[in-house]
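Here is how the chains run, residue by residue.
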Amino acid sequence: MLNWGPVFVAVVLFVLLSPGLLFQVPGQNRCVEFANFHTGGASILIHTLLYFGVISLFLIAIEVHLYFG
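Residues numbered from 1 in each chain as written. Predicted model: local features only at pLDDT ≥ 70, side-chain atom pairs only at ≥ 80, totals over all residues. Heavy atoms only, no water.

Named according to an unreviewed UniProt entry, the protein chain is Transmembrane protein originating from Rhododendron griersonianum.

## A few points about the environment of isoleucine 46
Rules: The helix and strand labels rest on DSSP assignments: H or I over at least four residues marks a helix, E over at least two residues marks a strand, and numbering proceeds from the N terminus. Remark: exposure states derive from per-residue accessible area (1.4 Å probe, protein chains only) relative to the maximum for the residue type, with buried under 20%, exposed over 50%, and partly exposed in between. Between two residues, a contact is recorded if the distance between any of their heavy atoms is within 4.5 Å.
With respect to the element layout, isoleucine 46 can be found in helix 2 (residues 41-61). Relative accessible area serves as the criterion here: at 32%, isoleucine 46 is assigned to the partly exposed category. C-alpha of isoleucine 46 to C-alpha of valine 25: the two residues are 21 residues apart in sequence and 6.8 Å apart in space. The contacts of isoleucine 46, once residues within four sequence positions are left out, are Val25 and Pro26.

## What about the UniProt feature "transmembrane region" (unreviewed entry) in the protein chain?
Formally: UniProt positions are given in the numbering used here, feature names are shortened, and annotations may be inferred rather than shown by experiment.
The sites that UniProt annotates as "transmembrane region" (unreviewed entry) are residues 48-68. This span, residues 48-68, is 67% helix and 10% strand, and a straight line between its end C-alpha atoms measures 29 Å.

## Here we look at the side chain of histidine 47
Selection rule: Residues adjacent in sequence count toward polar contacts only when both atoms are side-chain atoms; beyond that, a polar contact is any pair of N or O atoms within 3.5 Å, and within protein one must be able to donate a hydrogen and the other to accept it.
Assignment of secondary structure puts histidine 47 in helix 2. Relative accessible area serves as the criterion here: at 3%, histidine 47 is assigned to the buried category. A distance of 3.0 Å separates a polar atom in the side chain of histidine 47 from the backbone oxygen of leucine 17. When near neighbours in sequence (up to four residues on either side) are disregarded, histidine 47 contacts Leu17, Ser18, Pro19, Phe23, Gln24 and Val25.

The following block contains the structure:
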């Protein structure tokens, strides 16, 4: 059986933490903007750091496992 937990967590976090999809930190006019579908260099850097922190938490600290088959 294959462990699909890391794949599932990575895909979901990638979609949710895409800059501008749900929120953008920092926004173009405010500190946080929601659902504006715009991005910038600083926003990409901050969302990358958020992604790394959250995926590390889920995969290393919590050890999410999902088995199919």
